[in-house]
Amino acid sequence: MSLPSVADLLAEPILADALVVAGSEGLEREVADVRWWTGESTPVQDQLVVCGAEPVTPSYRLDALVRRTGEAGAAGLLVVGASVRPLLSSLRLADRLQIPVLWLDDAEPVIIVQELTPRVRAPELVRARTVDRLLRQLAPRHTGQDIVAAAEGVLEAPLALVTSDGTNLLGSPIELDETLHLDRPVAQRGRAVLVHPVLDPDANRPAAWLACRVERAAESRMGLLAAGLAITEPFLRSWLTAQRAHADRDVLFRARLLSEVLSGRDSVSRDVVEGAVSVGWQLPEWHVGLHLSCDDPTASDQQAAAPERLRAALGEHGITLTEAVDRGDGWALWSSDEAEPGAADARALLRAVRLATAALPREWGMVVGIGRPHRGPGGLAETLAEARDAAYLASSHDFRPAVEHSDELGVARLLATWQQSAVTRAFAETALAPLRSNESLMATLRAYLESGGSVVLVAEALGVHRNTVTARLQQIRDRLGVDLDDPSQRLALQVACRSTGA
Amino acid sequence: MSYDVLRAISAEHVDALASGATLLGSGGGGDVALGALLLRRMLEREGAEPVPVIASDELPVDALVVHAGVGGAPDVLAERLVDPDDCARAVEAVVAQTGGRLAAVGVIEIGGLNALMGVIAAARLGVPVIDGDLMGRAFPRLDQATLTVAGHPIAPMALVGPLGDTVLVTRSSAAAAQALMVSSAAAFGGAATLAMFPTTAGTLVEHGVRRSLSVCVGLGRAFLAVDADAPATVAAEQIGGRLLCEGRVDQVRPREGRVPGSITLIDRHTGGVVRVDHLEEYLAVTIDGRTVVSAPEVIVALDHRARCPIRTDEVRLGQSLALATLPALHDWPSEVAAAVGPAGFGLRVEEPA
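Residues numbered from 1 in each chain as written. Chains lettered and ligands numbered in written order. Predicted model: local features only at pLDDT ≥ 70, side-chain atom pairs only at ≥ 80, totals over all residues.

**Quick notes on the overall build of chain A**
Here's step 1: Each helix and strand counted, chain A has 18 helices and 16 strands in total.
Here's step 2: Across the 502 residues of chain A, 37% fall into the buried class.
Here's step 3: When contacts within chain A are restricted to residue pairs at least 6 apart in sequence, long-range pairs at least 24 apart make up 62% of them. (Helix = DSSP H or I, 4+ residues; strand = E, 2+ residues; numbered from the N terminus. Buried ≥ 20, exposed ≤ 12 C-beta atoms within 10 Å, placed from the backbone. Contact = placed C-beta atoms within 7 Å.)

**Notes on the pairing of strand 5 (residues 101-104) of chain A**
Residues and elements named next belong to chain A.
Here's step 1: Where strand 1 (residues 19-22) meets strand 5, three bridges bridge the pair, whose relative direction is antiparallel. Directly across from Ala22, in strand 5, lies its bridge partner Val101.
Here's step 2: With respect to chirality, the unit in which strand 4 (residues 76-80) leads through helix 3 (residues 88-97) into the neighbouring parallel strand 5 is right-handed. (Pairing = 2+ DSSP bridges. Right-handed = clockwise from strand over helix to strand, strands pointing away.)

**Here's the deal with the packing of helix 7 (residues 219-264) of chain A against helix 8 (residues 270-278) of chain A**
Residues and elements named next belong to chain A.
Here's step 1: At a minimum axis separation of 10 Å, helix 7 and helix 8 run at an interaxial angle of 135°. Considering their axes alone, helix 7 and helix 8 lie oblique with respect to each other. The chirality of how helix 7 crosses helix 8 is left-handed. Listed contacts from helix 8 to Leu257, Glu260, Val261 and Gly264 of helix 7 are Val272, Gly275 and Ala276.
Here's step 2: Grouping the constituent residues of the contact of helix 7 with helix 8 by class yields four nonpolar, two polar and one charged. (Axes fitted to C-alpha atoms, helices over the stretch in contact; angles between N-to-C directions. Parallel < 35°, antiparallel > 145°, perpendicular 65-115°, else oblique. Left-handed = near helix turned anticlockwise from the far one by under 90°. Nonpolar A, V, L, I, M, F, W, Y, C, P; charged D, E, K, R; others polar.)

**With respect to the nonpolar core**
Here's step 1: Within the largest apolar cluster, 161 residues are counted, with the highest numbers of intra-cluster contacts made by Val91 and Leu116 of chain B.
Here's step 2: Ranked by size, the runner-up nonpolar core spans 37 residues in total, among them Val261, Val272, Leu333 and Met366 of chain A. (Core = buried A, V, L, I, M, F, W, Y, C linked by C-beta atoms within 7 Å.)

**Focus: the interface of chain A and chain B**
Here's step 1: Opposite the 13 residues of chain A that make contact, chain B presents 18 residues.
Here's step 2: Only helix 2 (61-71) and helix 3 of chain A provide two or more residues apiece to the side of chain A that touches chain B.
Here's step 3: By residue class, the composition of the side of chain A that touches chain B is seven nonpolar, one polar and five charged.

**Thoughts on the packing of helix 15 (residues 439-450) of chain A against helix 16 (residues 455-462) of chain A**
All names here are of chain A.
Here's step 1: In contact at an axis separation of 9 Å, helix 15 and helix 16 are set at 130° when each is read in the N-to-C sense. Regarding the angle of helix 15 to helix 16, the classification is oblique. By crossing handedness, the relation of helix 15 to helix 16 is classed as right-handed. Of helix 16, the residues touching helix 15 (which contributes Ala443, Thr444, Ala447 and Tyr448) are Val458, Ala461 and Leu462.
Here's step 2: When grouped by side-chain class, the residues that make up the contact of helix 15 with helix 16 number six nonpolar, one polar and no charged.

**A look at unusual backbone geometry**
Here's step 1: With an omega of -5°, the peptide bond running from Ala155 of chain B to Pro156 of chain B counts as cis.
Here's step 2: Within the secondary structure, Pro156 of chain B is located in the loop between helix 6 (146-149) and strand 6 (157-160).
Here's step 3: Geometrically, the link from Ala295 of chain B to Pro296 of chain B is a cis peptide bond, its omega value of 10° lying close to zero.
Here's step 4: Mapped onto the fold, Pro296 of chain B is located in the loop between strand 14 (290-294) and strand 15 (298-303).
Here's step 5: Here Gln98 of chain A, not a glycine, exhibits a phi torsion of approximately 55°, which is positive.
Here's step 6: With respect to the helices and strands, Gln98 of chain A occurs in the loop between helix 3 and strand 5.
Here's step 7: Judged by C-beta crowding, with 14 C-beta atoms within 10 Å, Gln98 of chain A ranks as partly exposed.
Here's step 8: Phi at Glu156 of chain A takes a positive value of approximately 55°, unusual for a residue other than glycine.

**Some remarks on helix 18 (residues 487-500) of chain A**
An α-helix turns once per 3.6 residues; consequently, residues spaced three or four apart project the same way.
All names here are of chain A.
Here's step 1: Look at helix 18: 20 Å from first C-alpha to last across 14 residues, which is about the 20 Å you get at 1.5 Å a residue.
Here's step 2: Along helix 18, the residues that are buried comprise Leu493, Ala496, Cys497 and Ser499. For helix 18, the angular spread of buried residues about the axis comes to 165°, placing them on one side. Those residues of helix 18 that are exposed and angled more than 90 degrees off the buried face are Pro487, Ser488 and Leu491. (Expected span 1.5 Å × (residues − 1). Arc of directions from axis to C-beta.)

**A look at the environment of Ser395 of chain A**
Here's step 1: One can find Ser395 of chain A in the loop between helix 12 (376-394) and strand 16 (402-405).
Here's step 2: Residues within four places of Ser395 of chain A in sequence aside, it is in contact with Val367 and Ala402 of chain A.

**Quick look at the environment of Leu326 of chain B**
Residue and element names in this part refer to chain B.
Here's step 1: Here Leu326 shows up in strand 16 (residues 320-326).
Here's step 2: Residue classification places Leu326 among the buried positions, given that 22 C-beta atoms sit within 10 Å.
Here's step 3: Filtering out sequence-adjacent residues up to four positions away, Leu326 remains in contact with Leu23, Ile239, Gly240, Gly241, Val298 and Val300.

**Concerning the sheet that holds strand 2 (residues 33-36) of chain A**
Residue and element names in this part refer to chain A.
Here's step 1: On the basis of which strands lie adjacent, the open sheet formed by five strands has the order 1-5-4-3-2 and mixed pairing. Whereas interior strands pair on both sides, the edge strands pair on one side only; in this sheet they are strand 1 and strand 2. The average undirected angle you get between the axes of adjacent strands in this sheet is 30°.
Here's step 2: Summarising the sheet, strand 3 (residues 47-51) and strand 4 pair through four bridges and their orientation is parallel. Paired with Val49 across the strands is Leu77, a residue of strand 4.
Here's step 3: Taken strand by strand, helix 2 contacts strand 3, strand 4 and strand 5, and its axis lies near 145° from that of strand 4.

**A word on helix 9 (residues 212-224) of chain B**
All names here are of chain B.
Here's step 1: Compared with an ideal rise of 1.5 Å per residue, which puts 13 residues at 18 Å, helix 9 spans 18 Å between its outermost C-alpha atoms and is within 8% of the ideal.
Here's step 2: Taking burial as the measure, the 13 residues of helix 9 include eleven buried ones, the bulk of the element.
Here's step 3: Restricting attention to buried positions, one finds in helix 9 the residues Ser212, Leu213, Ser214, Val215, Cys216, Val217, Gly218, Leu219, Gly220, Ala222 and Phe223.

**Observations regarding the sheet that holds strand 8 (residues 188-189) of chain A**
All names here are of chain A.
Here's step 1: Here five strands make up an open sheet; going across it, the order is 7-6-10-9-8 and the pairing antiparallel. Whereas interior strands pair on both sides, the edge strands pair on one side only; in this sheet they are strand 7 (168-171) and strand 8.
Here's step 2: Pairing between strand 6 (residues 159-162) and strand 10 (residues 206-213): four bridges, direction antiparallel. Opposite Ala160, over in strand 10, you have Ala211 as the bridge partner.
Here's step 3: Sitting on the sheet, helix 6 (residues 144-155) touches strand 6 and strand 7, and the angle it makes with strand 6 is about 145°.
Here's step 4: With respect to the sheet, helix 7 is in contact with strand 6, strand 9 (193-199) and strand 10, its orientation differing from that of strand 9 by roughly 30°.

**Some remarks on the confidence of the model for chain B**
Here's step 1: Chain-level pLDDT for chain B is 93 on average; 99% of the residues reach the 70-or-more range.
Here's step 2: Predicted complex metrics record ipTM = 0.88 and pTM = 0.66. (pLDDT = per-residue confidence, 0-100.)

The structure is reproduced here in structure tokens:
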């Protein structure tokens, strides 16, 4: 193995705080050993000489030390823990002799010599020690964060788990450079980074990359880091596998739990209640159900992106929903509350869902049905059933995203039936015939009926004076020969108005 | 280098004396300008006689010699005019203590201001000045005098303040004398005139640095004769010195208390890295990590045109300096290296090869 240079040793973590104060031209000199300075008789040829504060205090004494070590052919001089500032003469002399002078404050010289010596003399020892420590440190870690942090601590280098496109999943921010071939699942070395593939548990391709930043280092340290990454990788892979299994189990468990709640209604078993508590469902409270389905099957493929995105979007509107449960034809979601939600809450929910779905990709073709509030496990079954019905109706609309609330469902369905019937159409043609030619009278009548018989609202809606409205209503009464104060007559006319559509 | 023997000091010698004293100050010894003005004024006065200069071996062996000078903060000494009467008072106080008749006044240190102060005291007292001194250059401490090294007492010692206040120390160790001088000078506003080392001409023959006044004036003359445009090499040669290097000051790290300060420059001829360590005086020159000259040898820093010597407190970043060394006036025995060598200043450098 080749000898490390002074610059290589500077890249060692133990010298991270060391400054090159002079003689930088000699940084590439090879270091055969590390030697503590004990005086002129110390043999220092090709060695990194380490000294404490004594031989360089007062600062003028550094001159003589630089001269002696330089003449004796030392590879470099490392001054540890000296509080003096070196004189310019010492620095110039070191430059002249091209002997690098490294300055390390706040360190124990003995420790430095002890740590540096095996790095020069027996790098394989350092490597064995690091591998041993790494294994010990990694064994008890369970989460990805812990694993990366432990490996960072032992290897004393910034580590990260990154995806092929450079997104950082765990650890320090590290940039991958374009010299890497991330399509090949093998360990690689970039300009200032080492990467090791973390294989997908299910396929032989990299799920992510374990990356380590190295500005510059000796071959031995590079080898050590590469080995460290290789050792860390199976731990991360096993964590990924566990994560995936956990997620799958969770989904299945929730689906089964929900189906038991729905089938059991109010007489759910103790097991089911405990299961519900473990996933955070508050069965005894008031529930408002949502049923979500998508026309586009790919929207659901992306790890159930649609329900999660909807949930997140509603979260921004202050509405907390449970996690989505897959029901085959869509996802069930619901919110639970101790108090019974009022009518205003229902309107707010409807509005929020409309806003939220409108903000999501239209091509997903989202259809959402909302149930009415019901209480208890049975209530949950009921509101989800209503939500599913509402979603079913909403899906018949020819626009997306479509949202329906079951509160409005009965009337809307009835009206829809009426409006579509031939009898109603025929009646409308006949009854409204006298107003056909007069658009303003037609608009006034429609506004009057829709506003519940308020002259003031009609005037506001049409932008005319109240007296105008009154005058027009009189004309309508005259032309149609109907009594607008009679509820039955009003209902018939309203249905007729709606069926004409315009 | 040999110089003519000086017989008397008159006004014409003052410039040479001041220049020589500055060179022998090794970068310290204080500013000579005020002392030179004072001495010239005294010697130019109508009826003033030149100060006779006498070698110690020309005096009877038991002739009494008292050494005079000033001590204290260099900044105060550079600005506060010394009263020659104070010098006379200090010497008289010591003579009164020892008894006997004063035969001559001696110079404590030939480097810097004190070279002139000995002559001023002799001029005021009307006695000859000894052609010699006790240090052969400038040193900051009394234990670095030849007499102290030889075991002679410093006391009786007199210190006189600018208002005539007098401290008389009748008996003292070298360390205590140093401390008393520093504290008395502080009490007198930062500086005091001194008289100390009462001794006999015979002792000076044996232990004094001889002929230093002659050397100082000769050295000063030689330096003043150097052509203003002469390169530093020539200037160094003409004063009998050896040029060490020439270069621009790249860093000035001031002293911190007793830890010497350092000046870094790069030799423009060889590219060598030069470091000069100093306290009040230049103490050592280290080139490429190897100490080439150190105290008690005299180190002289000249500005690039060799016009004037630069004291340690005058060195500035970017200045062009030529460093030279002068041979020591005194051959210090090797066993006193601890007192007058780098170690005596707390400077931990290797001895020059």
